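Structural features, examined
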Amino acid sequence: KEKVEITKEQQALMRVIVEAYNRHQIPQDVAKKLLQEQYSAEENFLLLTEMATSQVQVLVEFTKNIPGFLSLDHEDQIALLKGSAVEAMFLRSAQVFSRKMPNGHIEVLEERIRKSGISEEFMTPMFNFYRSIGELHMVQEEQALLTAITILTPDRPYVKDQQAVERLQEQMLDVLRKLCTLQHPQEPQYFARLLGRLTELRTLNHYHAEMLTSWRMNDHKFTPLLCEIWDVQ
Ligand SMILES: CCOC(=O)c1ccc(NC(=O)c2c3c(nn2-c2ccccc2)CCN(S(=O)(=O)c2cccs2)C3)cc1
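If you're wondering where the values come from, they're calculated on a predicted model, not measured in any experiment.

About the cut-offs
Residues numbered from 1 in each chain as written. Predicted model: local features only at pLDDT ≥ 70, side-chain atom pairs only at ≥ 80, totals over all residues. Heavy atoms only, no water. Helix = DSSP H or I, 4+ residues; strand = E, 2+ residues; numbered from the N terminus. Areas by Shrake-Rupley, 256 points an atom, 1.4 Å probe, with all protein chains shown as cover. Lys, Arg positive; Asp, Glu negative; His and termini not counted. Charge placed at Lys NZ, Arg CZ, Asp CG, Glu CD. Expected span 1.5 Å × (residues − 1). Contact = heavy atoms within 4.5 Å. Near = heavy atom within 4 Å. Polar contact = N/O pair within 3.5 Å; in protein donor to acceptor, adjacent residues only side chain to side chain. Phe/Tyr/Trp six-rings, centres within 6.5 Å; stacked < 30°, edge-to-face > 60°. Lys NZ or Arg CZ within 6 Å of the ring centre and 35° of its normal. Core = buried A, V, L, I, M, F, W, Y, C linked by side-chain atoms within 4.5 Å. Buried < 20%, exposed > 50% of the residue type's maximum accessible area, 1.4 Å probe, protein only.

Tallying secondary structure elements over the chain gives 10 helices and 0 strands in all. Counting helices and strands in the order they occur from the N terminus, the chain gives α-α-α-α-α-α-α-α-α-α. Referenced to the eigenvectors of the C-alpha coordinate spread, the extents of the chain come out at roughly 55 × 40 × 30 Å. Put simply, the chain shows about 12,200 Å² of open surface, and 56% of that area lies on carbon and sulfur atoms. Counting 26 positive and 33 negative side-chain charges, the chain places the averaged centre of each group 4 Å from the other.

Listed below in structure tokens is the structure:
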């Protein structure tokens, strides 16, 4: 059995990614608001809009710290951000949701999100995804690398130099594969299970697009940044 070893460069790359990933969490006051006071559906929706907007800002900061990203073609950088924004937010949401929250908090958070005017047919796949991520008990390195891998998906719409993106993504995949082998020696399938979640994540894009249409019908407003990144209004 060949010795799996993470090289010095790969350790440095992982450190940069994890540091950038941890630098931004949901602002505690916002998370607290989401958990505590009673809210109407309108206020819950507004809170989620606020949180999703701050998540996009965090996504841009995180992405700029992915080694090699800033040397990609500038239009491709935008295409990758727009193409991965929804997936990155739901991946981050799943990780927030599955964090060891004091019990009772998960249910309250779930209740708030359920009572935010989001259509029912989107709730099920979204909470199924949150739970399927939670079951993996990913360490932060795995979470950060999986987010970077999601962003560096070569076949997003309008990406011109797919090879350049593929090269960066392959670097991340190699580190993640080694990390999974080292972290979960008894579970050789663990790496494949992680990548399987990215397939599940892509289906949320479709549901999210549907949701946006139904929200627009009910005249729900989004922030300019969300409109820009989600191509709405
Ligand atoms: C500063 C860094 O910010 C973060 O780290 C961060 C992490 C997660 C989130 N997540 C969310 O905003 C969020 C959403 C949903 N759930 N959910 C959630 C929040 C907390 C825990 C688990 C999940 C469903 C609907 N969408 S939405 O974008 O479609 C939407 C928009 C408007 C109406 S609905 C949003 C935000 C910021």
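Picking up after the structure, the text goes on.
This next bit is on helix α1 (residues 8-23). The terminal C-alpha atoms of α1, which comprises 16 residues, lie 23 Å apart, in line with the 22 Å expected from a rise of 1.5 Å per residue. Summarising the contacts, the buried residues of α1 are in contact with α3 (41-64), α4 (74-98), α7 (140-151) and α8 (162-183).

For the ligand, the set of nearby residues contains 27 residues, the closest of which are Q25, M89, S93, Y130 and H208. Within the contact set of the ligand, a nitrogen atom lies 2.9 Å away from a side-chain nitrogen or oxygen of S93. At 3.1 Å, a side-chain N or O of Y130 approaches a nitrogen atom of the ligand. Relative to its unbound accessible surface of 740 Å², the ligand loses 99% to contact with the protein. The set of elements that each furnish at least two residues to the shell around the ligand consists of α3, α4, α5 (105-114), α6 (120-134) and α9 (190-217). The dominant element in the shell around the ligand, judged by the number of residues it contributes, is α3, at 8 residues.

Glancing now at the packing of aromatic side chains. The tally for this structure, following the rule as stated, stands at 8 aromatic pairs. Ring geometry for F122 against Y207: centres 6.2 Å apart, planes inclined by 50°, an arrangement best described as tilted. Residue F122 is located in helix α6, and its partner Y207 is located in helix α9; the two are separated by 85 residues in the primary sequence. Put simply, the rings of F45, F222 and W230 touch in pairs and so form one group of aromatic residues. Taking the ring centre of Y21 as reference, the NZ or CZ of R92 above it sits at 4.1 Å.

Glancing now at the side chain of Q143. Position of Q143 among the secondary structure elements: in helix α7. Beyond its immediate stretch of four places on either side in the chain, Q143 contacts Y21, Q95 and M138.

Grouped together as the largest cluster of nonpolar side chains are 75 residues, with contacts concentrated most on I66, F90, M172 and W230. When residues of this core are assigned to their parent elements, the largest contribution, 11 residues, is made by α4. For F90, the contacting residues outside a window of four places in its chain are F122, M126, F129, Y130, L201, L204 and H208.

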